[in-house]
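# Observations on the model geometry
For reference, the chains in residue letters:
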Amino acid sequence: MARNKEGLILLLDVGPTMHTILPEVEKFCSLLIQKKLIYNKSDEVGVVLFGTEDTNNELTREIGGYEHIVVLQDIKVVNGNLVDLLKQIPRGTVSGDYLDAIVVGMDMLIKKYGHTIKGKKRLCLITNALCPIREPNEGTKEDQVRIIASQMTTLGMKLECIVVRGEQSDDTTLKIVEEDDHLLDIFSKETRGKIVYVESSTSLLGAVRTRNIAPVTIFRGDLELSPKLKIKVWVYKKTSEERFPTLKKYSDKAPPTDKFATHEVKVDYEYKRADNPREVVPPEQRIKGYRYGPHVVPISTAEWEAVKFNPEKGVTLLGFTDASNILRHYYMKDVNIFIAEPGNKGACLAVSALARAMKETNKVAILRCVWRQGQGNVVVGLLTPNVSDRDNVPDCFYFNVLPFAEDVREFQFPSFRKLPAAWQPSDKQQDAADNLVKILDLASPGKKEMLQPELTPNPVLQRFFRFLELKSKNPDASVPPLDETLKRITEPDSELLDQNKHAIDEFVKCFKVKENPKIKKKAKRWREKPYGSDEEKDMEASASDVEKLKASTATESTVTEIDKIGDSTPVQDFEVLISRRESPDWVNKAIKQMRNKILDLVEDSYKGDNYNKALECLVAFRKGCVLEQEPKEFNDFLNYLSKYCLKNEQSDFCELLASQGIKLITKTEAVDSEVTDKEAESFLDVKELKMED
């Protein structure tokens, strides 16, 4: 069997105790085959059912025994028919013996691939392990399990077991469960197999890896602690985002009779001169350019190679620091794992000693990494110790990339403690929030935590695989609705919400909750087309339709996208502008426009008719400056505004501000403010005294 090819046997418990779970098992198994058809189309899969009324397997015919086990499909290359077969798994009528099923599966692998350790051979057992296995003719059950596990190790077979089980209360069942768990634990230790206990259909979908990814090192070499002290290590990826399968361009222009047609589409590009579109520019006459201000600076390939940074391959320790000095939000990209070079006892001891020392002192290491020769950049990252609690698993390190100064995004947000008391939550509000967090905990008492990363599949990918399978059979198939199992990942648990409705209602009562309307995207602008082009003619032919579309979207875009503070709703416009986060310039624009708006209202006021509206704007302006920690902008403006009113005989507006308690922003409200509470309280009084003088 080829190195990257896998032989897989699915061992499915179909006994009566599994009937309620089998619909989810069908989804899991069909999804597994769908992914193999995409990523590992040469893999071979066999299916064995145990707990059936009938018996149909070669071991029974050869030596007898192994009853109530049916080989649903012999080991074959995966195909679409197997997906359909696994969507309708027959239900059994008797209790199944998973140990007999494992032996039948091993026999199938041996007869298919021989007594060799080459290739990947895997058994995947799915059961609830609620039924006892039969007593052996000789020895104990533990002895039988150890013999089978030893044979599996010798033949290079791996066992993955998924135990789908909820809470059990019956004493008799508990004894069986304890015995089965003990036997499966022996399998796990003797064969380094994997056992996963799941309680929900969501966890079942992510319980077993459905795609084979060969472990490939990204670095093999020395971890250099000093010029005289180096440790041989290998580095692998620990986590990496699973992306959509690559979609290729496909053409149906090939003759239907051509059996060797690849249907691939090749794309060629030609570069032509702007002043002479018929002349093609050859590669030797083309050069890349980079914008520098209004100019384009050409840089040749030779110059680019000369300016590129070409560091030497290697991993070097820069030093140690306290783990508390590295904030969690500094972690970037994927996680890598550092292990000692396999078979190198000295490297293993050195890695273990270093990891344990760092763990005891709560230290982490900062490394400079260049994974391969010719890499154009240097990675600086954090090495965290991972001390194993299992005898057969060595100690290792986890590595996270750290950002440089250019990679850090600094956003200043005020602390609740710096805000006025009126803006801080009351004791009742805080209790309601605490209770909401407590009752919506994903780890319910007595149950496993929901949505664990290692057991939660990506719902977007799962839906894509399902749709791809439908399209393979029916090109006109429509996108199916989201599966109920996947909804439990993308939506809140309705059962959990119903159980705690009273706490949610209490939280809503304590806060002003309002619906957040969806903001529609701004209508696309119509770009001009070259004169005389086909696109221009098409636009002229549909000019009336374009005008209608512009007319219908004009009002919509003005409502949803606000670029300046208007006259009708200046406070709302200001709040929208200052909350925009596409660019930090929006805060400055909002502040500047609001200052001008307030001055216009005061200046154009006749006998104080605009004072109330100006006051509303000033209150909103002050609140926004506190939230954005821009106290100087407001304080300078309030100083200017008060002087302006006194100079232009509008002291009545200052009196209105004093009566409404409008004052400067103090240090207690914003750290950057230079105004004390006493100065803020006496600010308008001083102005009034000056006015009287």
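Structure first, text after, so check above.
These notes cover the structure that comes with them. In this text, all values refer to a predicted model and were calculated from it rather than measured experimentally. Starting from 1, residues in each chain are numbered consecutively following that chain's sequence as written. Reporting of local features is limited, given that this is a predicted model, to residues whose pLDDT is at least 70; pairs of side-chain atoms are given and counted only at 80 or more, and all residues count toward the totals for whole chains, interfaces and linings. The basis for every side-chain value is the complete set of heavy atoms in the structure, and neither hydrogens nor water enter the calculation.

Between any two strands, at least two bridges found by DSSP are needed for them to pair. Each helix corresponds to a stretch of at least 4 residues labelled H or I by DSSP, and each strand to a stretch of at least 2 residues labelled E; elements are numbered beginning at the N terminus. Ordered in space as 7-8-12-15-14-13-11, the seven strands form a closed barrel in which the pairing is mixed. The sheet shows a mean angle of 40 degrees between the axes of neighbouring strands, taken without regard to direction. In the sheet, strand 7 (residues 219–226) pairs with strand 8 (residues 229–239) via seven bridges, with the strands oriented antiparallel. Residue Gly221 lies in a different strand from strand 8, and its bridge partner there is Val233. Any two residues whose heavy atoms approach within 4.5 Å are treated as being in contact. Comment: axis = line fitted to C-alpha atoms, over the contacting stretch for helices; angle = value between 0 and 180 degrees taken between N-to-C directions. With respect to the sheet, helix 9 (residues 345–361) is in contact with strand 7, strand 8, strand 11 (314–322), strand 12 (332–340), strand 13 (363–370), strand 14 (379–386) and strand 15 (396–401), its orientation differing from that of strand 15 by roughly 65 degrees.

Spatial strand order, 3-2-1-4-5-6: six strands in an open sheet with mixed pairing. Two strands bound the open sheet, and with one partner strand each, they are strand 3 (69–77) and strand 6 (194–198). Each strand axis lies, on average, 15 degrees off the axis of its neighbour in the sheet, ignoring direction. Two strands pair when backbone bridges link them, and strand 1 (residues 6–13) and strand 2 (residues 44–50) are joined in this way by seven bridges, in the parallel orientation. Bridge pairing links Leu8 to Val45 in strand 2. Strands in contact with helix 1 (residues 22–39) are strand 1, strand 2, strand 4 (120–127) and strand 5 (157–164); relative to strand 1, the strand with the most contacts, it is inclined by about 170 degrees.

Mapping Lys120 onto the fold places it in strand 4. Considered as a pair, Lys120 and Lys158 are 38 residues apart in the sequence and their alpha carbons are 8.3 Å apart.

Quick look at the packing of helix 1 against helix 11 (residues 459–473) now. Axis angle and axis distance: for two packed helices, these are the angle between their axes and the distance between the axes, and together they describe the pair. Where helix 1 contacts helix 11, the axes come no closer than 10 Å and their chain directions differ by 80 degrees. With respect to each other, helix 1 and helix 11 are oriented roughly perpendicular. Counting all contacts with helix 1, which are made through Leu31, Gln34, Lys35, Ile38 and Tyr39, the residues of helix 11 involved are Gln462, Phe465, Arg466, Leu468 and Glu469. For the contact of helix 1 with helix 11, the residue count by class is five nonpolar, two polar and three charged. Roughly parallel means an angle under 35 degrees; roughly antiparallel means over 145; roughly perpendicular covers 65 to 115; every other angle is labelled oblique. Residues are grouped as follows: Ala, Val, Leu, Ile, Met, Phe, Trp, Tyr, Cys and Pro are nonpolar; Asp, Glu, Lys and Arg are charged; all remaining types, including Gly, are polar.

At their nearest, the axes of helix 17 (residues 570–579) and helix 18 (residues 585–603) sit 8 Å apart, and the two run at 160 degrees to each other. Our classification of the angle between helix 17 and helix 18 gives roughly antiparallel. Classified by chirality, the crossing of helix 18 by helix 17 is left-handed. Between helix 17 and helix 18, the residues in contact are Pro570, Val571, Phe574, Leu577 and Ile578 and Trp586, Val587, Ala590, Ile591, Gln593, Met594 and Lys597, respectively. For the contact of helix 17 with helix 18, the class distribution of residues is ten nonpolar, one polar and one charged. When the near helix sits turned anticlockwise from the far one by under a right angle, the crossing is termed left-handed; a clockwise turn instead gives a right-handed crossing.

Quick look at a nonpolar patch on the surface now. By definition, no residue in a patch forms a salt bridge, and every one has over 30% relative accessible area; like charges are joined within 9 Å, nonpolar side chains (Val, Leu, Ile, Met, Phe, Trp, Tyr) within 5 Å. For the accessible areas, the method is Shrake-Rupley and the probe is 1.4 Å, while residue cover comes only from the protein chains on display. Any Lys or Arg side-chain nitrogen located within 4 Å of an Asp or Glu carboxyl oxygen qualifies as a salt bridge. Side chains of Val265, Val267, Tyr269 and Tyr271 sit close together on the surface and give an oily, nonpolar patch of about 450 Å² of accessible area. Position of Tyr269 among the secondary structure elements: in the loop between strand 8 and strand 9 (288–292).

Between its first and last C-alpha, helix 9 extends 24 Å over 17 residues, near the 24 Å set by a 1.5 Å rise per residue. Ala347, Val351, Ser352, Leu354, Ala355 and Met358 are the residues of helix 9 that are buried. Buried residues of helix 9 fall within an arc of 165 degrees about the axis and therefore sit on the same side. Of the exposed residues in helix 9, those oriented more than 90 degrees away from the buried face are Lys345, Leu349 and Glu360. Asn362, located one to two residues past helix 9, shows a positive phi value of around 55 degrees. Helices are assigned an expected span. That span is 1.5 Å times one less than the residue count. Throughout, exposure labels follow a simple rule: accessible area from a 1.4 Å probe, protein chains only, divided by the maximum for the residue type, with under 20% read as buried, over 50% as exposed, and the rest as partly exposed. This arc describes the spread of directions from the helix axis toward the C-beta atoms.

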